[in-house]
Every structure is written in C-alpha cells, then in structure tokens.
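The primary structure of each chain is shown beneath.
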Amino acid sequence: MKNKNLKALTLPELKAFLTSLGMKQYRANQVYQWLYQKGADSFDDMTNLSKEERHTLNEKACISNLILVKRQTASDGTEKYLFELEDGNRIESVLIPDEDRLTLCISTQVGCAMGCKFCLTGKGGLKRNLEAYEIVDQVIAVRRLLNKRITNIVLMGMGEPLANYDNTISALRILLNEKALNFSNRKVTLSTAGLIPQIDKLGKEGITVNLAISLNATTDDVRNKIMPINKKYPIKELIAACKRFPLPKRRRITFEYVMLKSINDTKEDAERLCRLLKGIPCKVNLIPFNEYQGCEFKKPDEEAIERFREILIDHHIMAITRKSKGADILAACGQLRGETINNP
Ligand code: SF4
C-alpha cells in the first residue's frame, strides 16, 4: 500500500492518523510544524520525535515534494520555477522581488480551461486540478530554495483558482493557518476570471484574502471575444457580484486590466470602466500586454496607457500601471505555460 502523504491531511486528520499508528495526539502539532514551518522533507529531520516514531513514519507515511526541473532568472530579478509533479505533469511558479516585498505567484491547475485569448496558459487547455498540497508545496519548495521569507502570495499562476474551488480553499487555509505557513490574510491575493457562483461562495467561506478580478474589458462584446467565460458570466453580473462581496473594512477589490492595443485601451473604455466601478472600494492594475512570438495582440503605446490611467485617477479610482516583470523568460502575467504544455 502506498504510504500516506501527510501534507494531504488536515490537522485533525493528521491527529487521527498518528493516533492510529500508536502515537500521542500532541505529536500531530509537532509534525505539522515540521511540515510547514520548518519545511522538513524527511522524517529523520523531526528530531523531537522518538527514533521509533520516526521509523514508523518512514514505514507508513511520506512527505510530498515538488521536483525542480528548471529555475530561470530574468534580467529584472524575477525568477521562474518549473516543477514536476508526481504524475509527471509540470507547473510553474514565479517569484517577483519588488522593493521590500518578495511575492510568489503560484499555480492552482495544470493548464487552464478558461481560454482567455491573451494568455499562453489558456492555449493548452486544462490537464487537471492541483491537489491542495501541490498548491502549498510551491511555497514550501521556493522558500527552501531561497532560504528567505516570502512576504506575499498571489494565486495568479497557471489555472483559474475558483475552478478548483475545494482544493484552493484547503490550500488557503494552510497558507493562513498560524500553525502552518502563517501568512497574513492581507498578503494573500486570489485572482479570478470571474466565476460568479464561486465568488459568492468565497464570500461566505469564513476566510479573508484579497480578491482580484481579471476584468480586461468594459463591454460584453469585447470581453466575450477575449475571455469566453464572459458569455456565461457577463460584466454586469460580475460587477454585481463584486458589489455584494463582503469586503472587510479598508479593503479593496483589485481589478486587473490587461491593456491590449486598439481593443480595450480607448478613452471611452476608461470612462466606461469608471462607471462600472463606481461605488466599489477598488484599485485598478493596468497591465500593458506582454507580447510574445506569434501573439495576435499588441501592447498599447505609453501615452495611451497613461491617458487611460489619468482618466481613472480623475474619477478618484486608484490606478497603477504594472511594470512588466520577467517578460524575457516568459514569466510575466499570462505567459505561464513554459514547457508544461508540450510535456507528454
Ligand atoms: S488568464 Fe488566467 S483564467 Fe485566463 S486562461 Fe490564463 S490562466 Fe486561465
């Protein structure tokens, strides 16, 4: 029988499992700390367990781990990691250093079914959902490689997190749990293409993280073309879901807006965006499109981006133009797929 992966268990499940092996319940907290806070990848490292207990765990259990296949560093310091999963599928995570922040962008699926036209990940379709421990293991693996504290987590890598709802929620619980990875909920952001029922469900889940909506258009006509999910959940309904999302005090929803030349970058778009977002505590991230070989879209010129941003600012909407990060190693927004898609 295959050994039990302890990272696939919740803390109560871990307690039950260790008890079934004849270990005392309090050992579960110690093992949990080893797994997440100390990032142990071997039971032999767990020096506060007895020799017999470590032996039993070696016999009956295992600790999941991602295999690093490739690590690339961009000229701006952004790092992209290609990891192999147990079944041979591959995923990517991206580390973005920015002043005093070290943000890790993690994947939630192998590929993605959403098919956004500007996104390389979407081009290969969905292979499978990641397990919760595979989502969390990206953080543990990168932390181990860096030997530094990761300050922020964004669920914005490969996949639509809310299409892998249960595993994403379980992963968030581990990221936020003070006995596990202990991230502040202010430092964790989940980005969605706009799955309305799951956004509503997230609002009732009892966990708080930052919500980012990948909006990218101001009319259904344009959004239907670049984000097929809009045909199911059109802009008006998506904005209504944002308005009823239970935001904690002083929090804002982030709207991501990938800027595509002559498609969504006009003055009219900016004005429509202001009307759409009226009344929502929010900020807008303008992301100039990262062109790649063979892509059908272009990045707008600087003036168009700045004009767009100024219109938002004039309407008292916080708007930031995101600098492209890691574009030279295809690590920028919407560029993750790397070798994963061609991997048999
Ligand atoms: S932008 Fe996000 S949701 Fe859209 S295809 Fe890419 S990974 Fe999927």
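Caption draft 1: Representation of the site of the ligand. Looking at the ligand, the residues that line it are Cys112, Met114, Gly115, Cys116, Cys119, Thr121, Gly122 and Gly159. The residue inventory of the shell around the ligand, partitioned by class, reads four nonpolar, four polar and no charged.

Caption draft 2: Fine view of the pairing of strand β14 (residues 318-321). Across four bridges, strand β13 (residues 282-288) lies against β14 in parallel orientation. Across the sheet, Leu286 pairs through a bridge with Thr321, a residue of β14. For the crossover that starts at β13, traverses helix α11 (residues 302-314) and ends in the parallel β14, the hand is right-handed.

Caption draft 3: View of the packing of helix α10 (residues 267-277) against α11. Look at α10 against α11: their axes get within 9 Å of each other, and the N-to-C directions meet at 30°. With respect to α11, the axis of α10 lies roughly parallel. At the point where α10 passes α11, the crossing takes the right-handed sense. Where α10 abuts α11, its residues Lys267, Asp269, Ala270, Glu271, Leu273 and Cys274 lie against Arg307, Phe308, Ile311 and Leu312.

Caption draft 4: A look at the packing of aromatic side chains. Tallying each qualifying case throughout the model produces five aromatic pairs. Taking 4.9 Å as the distance between ring centres and 70° as the angle between the ring planes, the aromatic pair formed by Tyr32 and Tyr36 counts as edge-to-face. Of this pair, Tyr32 and Tyr36 both sit in helix α2 (residues 27-36), four residues apart, which is roughly one turn of that helix. With respect to class, Tyr32 is no different from Tyr36; both count as buried.

Caption draft 5: Summary view of the packing of helix α7 (residues 196-203) against helix α9 (residues 235-244). It is at 10 Å that the axes of α7 and α9 come closest, and there the two elements cross at 0°. Taken as axis vectors, α7 and α9 run roughly parallel relative to one another. Along the contact surface, α7 presents Ile196, Ile199 and Asp200, while α9 presents Glu237, Leu238, Ala241 and Arg244.

Caption draft 6: Broad picture of the sheet that holds β13. Read across the open sheet, the ten strands follow the order β3-β4-β5-β6-β9-β10-β11-β12-β13-β14; overall the sheet is mixed. The outermost strands of the open sheet, each flanked by one partner alone, are β3 (67-73) and β14. Each adjacent strand pair in this sheet contributes to an overall mean axis angle of 20°, direction not counted. Pairing between strand β6 (residues 101-106) and strand β9 (residues 152-155): four bridges, direction parallel.

Caption draft 7: Quick look at the pattern of salt bridges. Considering all chains together, one arrives at 17 salt bridges under this definition. Here Lys7 and Asp137 are joined by a salt bridge, their closest N and O atoms 2.7 Å apart. Taken together, the residues span a long stretch of sequence, with Lys7 in the loop between β1 (4-5) and α1 (11-20) and Asp137 in helix α5 (residues 132-146) at a distance of 130 residues. A single burial state applies to Lys7 and to Asp137, both of which are buried. One salt bridge in this structure joins Asp200 and Arg244, with 2.9 Å as the shortest N-O distance. Highlighted residues: Asp200 in helix α7 and Arg244 in helix α9, separated in sequence by 44 residues. Relative accessible area serves as the criterion here: at 22%, Asp200 is assigned to the partly exposed category.

Criteria and thresholds
- Here the residue numbers are simple positions, counted from 1 along each chain's written sequence.
- Totals for whole chains, interfaces and linings use every residue, but because this is a predicted model, local features are given only for residues with pLDDT of at least 70 and side-chain atom pairs only at 80 or more, for both listing and counting.
- The basis for every side-chain value is the complete set of non-hydrogen atoms in the structure, without hydrogens or water.
- Near, as used in this document, describes a residue that has one of its heavy atoms within 4 Å of the molecule or strand being considered.
- Residue classes follow a fixed rule: Ala, Val, Leu, Ile, Met, Phe, Trp, Tyr, Cys and Pro count as nonpolar, while Asp, Glu, Lys and Arg count as charged, and any other residue, Gly among them, counts as polar.
- Pairing between two strands requires that DSSP report at least two bridges joining them.
- Each helix corresponds to a stretch of at least 4 residues labelled H or I by DSSP, and each strand to a stretch of at least 2 residues labelled E; elements are numbered beginning at the N terminus.
- Looking down the strands as they point away from you, a crossover is right-handed if its path from the first strand over the helix to the second goes clockwise.
- Between the N-to-C directions of two axes lies an angle of 0 to 180 degrees, each axis being a line fitted to C-alpha atoms and, for a helix, fitted only over the stretch in contact.
- Every angle not falling under 35 degrees, over 145, or within 65 to 115 is termed oblique; those three ranges are roughly parallel, roughly antiparallel and roughly perpendicular.
- By definition, turning the near helix anticlockwise from the far helix through less than a right angle yields a left-handed crossing, and turning it clockwise yields a right-handed one.
- The contact definition used throughout considers only heavy atoms, calling two residues in contact when any of these lie within 4.5 Å.
- Aromatic contacts are taken between Phe, Tyr and Trp rings whose centres are within 6.5 Å, Trp giving its six-membered ring; a plane angle under 30 degrees counts as stacked, one over 60 as edge-to-face, and the others as tilted.
- Accessibility here uses a 1.4 Å probe with only protein chains present; expressed as a share of the type maximum, an area under 20% marks a residue as buried, one over 50% as exposed, and anything in between as partly exposed.
- What makes a salt bridge here is a side-chain nitrogen of Lys or Arg within 4 Å of a carboxyl oxygen of Asp or Glu, nothing more.

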